[in-house]
Every structure is written in structure tokens, then in C-alpha cells.
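Structural description and commentary
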Amino acid sequence: MKLSGGVEWALHCCVVLTAATEPVPAARLAELHDVSPSYLAKQLQALSRAGLVKSVQGKTGGYVLTRTATEITVLDVVQAVDGSTPAFTCTEIRQRGPFGTPPEECMKACPIARAMGAADAAWRASLRGVSIADLVGSVRRDSGPEALPRIGEWLNSPSTSGG
């Protein structure tokens, strides 16, 4: 399983948006993470299309979460950014070649497709079981209780780089 870098960026944005007291411009989030503003904007747009964040227009505009951090799962973010297509697609290779099994004898998925499907389901269940709030809790434990509030203050302070 390989996820795009956008998933990491989107997850970090969701975590830090929990600390913001007002909407945060995409450029400010990009500055915080030292990432490409245009690429991050695409990830924020994907989160917006999925209904996980919304864009607030105006002078103090930017992005905010649309739900509480307990209601947004890591799987929600992964699917918003990378889609919900399963990692494995069975092409029924068992039906090919000189010893191919006739389609009418393929009454159930082959063992490989079943194993890969079970792995995909387990992976999704694991990500569905972790919320943004869980990640926030981990950040507090790992980095101290002051880390996110400090970031929140920085996010909502006037930018010194014009972003």
C-alpha cells in the first residue's frame, strides 16, 4: 500500500486546524509545514470536496474543520485525498493461459483476491478506528500539552511572510 504525500499533508492540516480559533489560510498552513502552497491547496480542496473542511471567504478567510475532531477519521482523510479504490484489483489471471479456469467454474474469488481483500478491509478498519482527535491526543503526549496551542496562536497571528 502506497499513499500519496498529500495524505500526510492533509492529516497534519486537520490536526493543527483543531488548535486554530479562526479560519486559517492555505498559505499559512503551507508556511507552517514548509510545503508547496499550490500542492497543499489541492489537498485542502480534496478535503473540502469530501466535506471535512470548508473554506471561509473574506479578509479573515481560510479553512476550518466541518466536524469535531472525534468525527473525522484517518480513513476519511485518506479517501478524500487518494480516493476509495481498493489497493488490489483482481484481473482473474486464473482464467488465462493454457490451464485457465473457465469463467463458469470461478464461483468465488480466488484465494489471492480473498487474501488481498481481507488485508484491504483490515487496513481500512484500522484507519477508520483512528480519529483526528486521537492524533491530537498523541501530539499532546509526544510534544507536550503546549505544542498545539502554540501552533494555534501562530496560525491565527498575522503572517510575517505575507502568507
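Keep in mind it's a predicted model, so treat the numbers as computed, not measured.

Below, the discussion takes up the overall build of the chain. Within the chain one finds seven helices and two strands. In sequence order, the chain lays out its α and β elements as α-α-α-β-β-α-α-α-α. A globule of 163 residues ought to have a C-alpha radius of gyration of about 15 Å, yet the chain, at 21 Å, is considerably larger. When the backbone C-alpha atoms are referred to their principal axes, the chain occupies close to 70 × 30 × 25 Å. With 163 residues in all, the chain has 34% of them scored as buried. In the chain, the proportion of contacts linking residues at least 24 apart, taken out of those at least 6 apart, comes to 69%.

Quick look at the nonpolar core now. Judged by nonpolar contacts, the single largest core of 35 residues is most densely connected at Leu17, Leu29, Leu40, Leu44, Leu47, Val77 and Ile132. Secondary structure elements with two or more residues in this core: helix 1 (5-17), helix 2 (26-33), helix 3 (37-49), strand 2 (62-65), helix 4 (74-82), helix 6 (132-143) and helix 7 (147-155). Of all the elements, helix 1 adds the most residues to this core, at eight residues. Contact partners of Leu40, with chain neighbours within four places excluded, come to Trp9, Cys13, Ala26, Leu29, Ala30 and Val35.

Within helix 2 the residues assigned to the buried category are Ala26, Arg28, Leu29 and Ala30. Immediately beyond the C-terminal end of helix 2, within one or two residues, lies Asp34, with a positive phi of roughly 55°.

For the structure on display, the rule yields one aromatic pair. A ring pair is formed by Trp9 and Tyr39, whose centres lie 4.9 Å apart and whose planes are at 85°; its orientation type is edge-to-face. Placement of Trp9 in helix 1 and of Tyr39 in helix 3 is noted, with a sequence separation of 30 residues between them. Judged by relative accessible area, which is 21%, Trp9 ranks as partly exposed.

The subject of this paragraph is the packing of helix 2 against helix 7. Orientation of helix 2 relative to helix 7, taken along the N-to-C sense of each, is 135°, at an axis distance of 10 Å. As judged from the angle between their axes, helix 2 and helix 7 are oblique. As helix 2 runs across helix 7, the sense of the crossing is right-handed. Where helix 2 abuts helix 7, its residues Arg28, Leu29, Glu31 and Leu32 lie against Ile151, Trp154 and Leu155. Here the contact of helix 2 with helix 7 is composed, by residue class, of five nonpolar, no polar and two charged.

Reading the values: the criteria
Residues numbered from 1 in each chain as written. Predicted model: local features only at pLDDT ≥ 70, side-chain atom pairs only at ≥ 80, totals over all residues. Heavy atoms only, no water. Helix = DSSP H or I, 4+ residues; strand = E, 2+ residues; numbered from the N terminus. Rg over C-alpha atoms; globule rule 2.2 N^0.38 Å. Buried < 20%, exposed > 50% of the residue type's maximum accessible area, 1.4 Å probe, protein only. Contact = heavy atoms within 4.5 Å. Core = buried A, V, L, I, M, F, W, Y, C linked by side-chain atoms within 4.5 Å. Phe/Tyr/Trp six-rings, centres within 6.5 Å; stacked < 30°, edge-to-face > 60°. Axes fitted to C-alpha atoms, helices over the stretch in contact; angles between N-to-C directions. Parallel < 35°, antiparallel > 145°, perpendicular 65-115°, else oblique. Left-handed = near helix turned anticlockwise from the far one by under 90°. Nonpolar A, V, L, I, M, F, W, Y, C, P; charged D, E, K, R; others polar.

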